[in-house]
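The primary structure of each chain is shown beneath.
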Amino acid sequence: MRHDFVHESRPCRVVFAVGARSRLREEVDRLGLHRLIVVCTPGQAALATELTSPLGERVAELHPHAAMHVPAAVAAKAVAQSREIAADGCLAIGGGSAIGLAKAVAKATGLPIVALPTTYAGSEMTPVWGLTDAGRKTTGRDPRVLPATVVYDPQLTVTLPSMLSVTSGMNALAHAAEALYAPDGSPITALIAAESARAIAGALPRVVADPRDLEARSDALYGAWLAGSALGATTMSLHHKLCHILGGTFGLPHAATHTAVLPHVLAVNLPAAPRARVALETALDTGDPATRLFHLARDLGAEMSLKRLGMPEDGLATVIDQALAAPYANPAPITEAGLRHLLGNALTGAAPT
Ligand code: NAD
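Bear in mind that the values here come from a model prediction, so they are computed numbers and not experimental data. Residue numbers restart at each chain and count upward from 1, following the sequence in its written direction. Only residues with pLDDT of 70 or above have their local features reported here, since the model is predicted, and side-chain atom pairs are shown and tallied only from 80 upward, although totals for entire chains, interfaces and linings are computed over all residues. Processing note: side-chain calculations cover all non-hydrogen atoms of the structure and skip hydrogens and water entirely.

Before going further, it helps to examine the site of the ligand. In the vicinity of the ligand, 22 residues are found, and the nearest of them are Ser 97, Thr 118, Thr 119, Thr 126 and Lys 137. Note that an oxygen atom of the ligand is positioned 2.9 Å from one of the side-chain N or O atoms of His 69. Polar contacts, as used here, are pairs of N or O atoms within 3.5 Å; protein pairs need one atom able to donate a hydrogen and one able to accept it. Residues neighboring in sequence count only if both atoms are side-chain atoms. Residue Leu 160 places a main-chain N or O atom 3.3 Å away from a nitrogen atom belonging to the ligand. Areas reported here follow the Shrake-Rupley algorithm with a probe of radius 1.4 Å; residue values treat only the protein chains shown as occluding. Here the ligand, which alone exposes 860 Å², has 82% of that area covered by the protein. Only DSSP runs of H or I covering at least 4 residues are called helices, and only runs of E covering at least 2 are called strands; the numbering of each starts at the N terminus. It is helix H4 (residues 96-109) that contributes the most residues to the shell around the ligand, three residues altogether. Near is defined per residue: the residue qualifies when any heavy atom it owns lies within 4 Å of the molecule or strand.

A general feature of soluble globular proteins is that nonpolar side chains tend to end up buried together. Take the buried residues of types Ala, Val, Leu, Ile, Met, Phe, Trp, Tyr and Cys, join any two whose side-chain atoms come within 4.5 Å, and each joined set is a nonpolar core. Burial classes: relative accessible area under 20% of the type maximum marks a residue as buried, over 50% as exposed, and values in between as partly exposed (1.4 Å probe, protein chains only). By size, the foremost hydrophobic cluster in this structure holds 89 residues, and its most contacted members are Leu 242, Leu 266 and Leu 306. For this core, the element with the highest residue contribution is helix H5 (residues 162-180), accounting for nine residues. When residues of this core are sorted by domain, at least three fall in each of domain 1 (13-157) and domain 2 (162-348). In this analysis, two residues are considered to be in contact whenever any of their non-hydrogen atoms come within 4.5 Å of each other. Ignoring anything within four residues of it in the chain, the contact list for Leu 242 reads Val 261, Val 265, Val 319, Ala 323, Leu 339, Leu 342 and Leu 343. Core analysis: the second largest hydrophobic core is formed by 19 residues, Ala 45, Leu 55, Leu 91 and Ile 93 among them. Residue ranges assigned to each domain were obtained from an automatic or database domain assignment.

It is worth spelling out the sheet that holds strand E5 (residues 113-117) at this point. Two strands are counted as paired when DSSP detects at least two bridges linking them. The sheet built from six strands is open, its strands ordered E1-E8-E5-E4-E2-E3 with parallel pairing. Each edge of the sheet is formed by a strand with only one pairing partner; in this case those strands are strand E1 (13-16) and strand E3 (59-63). Across this sheet, the average inter-strand angle for adjacent strands is 15°, counted without regard to direction. Helix axes are fitted to C-alpha atoms over the stretch in contact, other axes to C-alpha atoms as well, and angles between N-to-C directions run from 0 to 180 degrees. Here helix H2 (residues 45-52) sits on the sheet in contact with strand E2 (36-39), E3, strand E4 (89-94) and E5, set at roughly 125° to E4. The sheet contacts of helix H3 (residues 72-84) involve E2 and E3, and relative to E3 the element is tilted by about 165°.

Structural measurements only, silent on function.
Rendered as structure tokens:
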């Protein structure tokens, strides 16, 4: 085989273990941080208080105002607050929303981030930031928003409700799948993505059967870490583009939208991406990854209909127009008829064809 790739490794320290949260103080000291602003969603404020109590005076402020898709006003308030208290670091506890807010702070102030992820979204492993203003989400890349240290503790995920565990896991699987056919993928990202898909698909049924099963939770979070790494190192294609449009236009829930869309995009893309297809077939132990992932998510109780998630039936044209407006790399050609077919199936929750 003739290899032809560029691979860039980014520095990020990862501490992964059941119980790793007890090493948070050691990790904060390792970075020499003394005045942290701690960001989380309102629902995780009590958890953040508990996790940061060993940090004592190193916590300058708990800021429990993170919200989905990082609203600009929320970001501006957190940035102003970080400056006001002269924070020297930002500790994010939670899922993509909390980590997204920490990234907004880091982008504006240059503060280093320490992250304790509690979902499978994977944002903590990427240099990608997002900001939503007046209903429009802007994203970009900036190496300063990549956390300095990520502490993964599977015990923090046992409270993640089953349904969110499944959809968040499918969100991670989407990163892995699209990394496998990314225009800027490398042999390393391909290995990472395939291992991620294997770990997550194997873990999700065990997580749902027993949400407190720490081995299943470890496997799922391990897969999510790998998926985030693959996401951070590559450029995503049609699937992420469609989810971005659907979330931004109709306010559909992030992880649930990824779940409903992924099988349909794979049904279109994998025939045009033979290496990715073989890698996913092997990782998922199936001859048809698109159908396998559809049934995996549906059988574990995920909502597979975009309509039932809140997408209006007459919204198809808007999504198609936006998806066709700006060109981007994708293994299969993107046509209006193809998008109508794919989104039509996702709208009703039909199996991929
Ligand atoms: P989220 O962070 O909004 O979390 C969803 C809900 O679950 C929140 O109410 C949260 O408080 C709660 N929660 C989180 N962990 C929990 C736990 N262990 N137990 C109980 N409740 C818990 O959702 P998400 O799916 O993690 O993140 C979605 C956001 O992340 C979106 O805005 C998306 O665009 C962004 N994202 C960004 C990147 C990136 O690279 N920049 C990657 C993936 C996702």
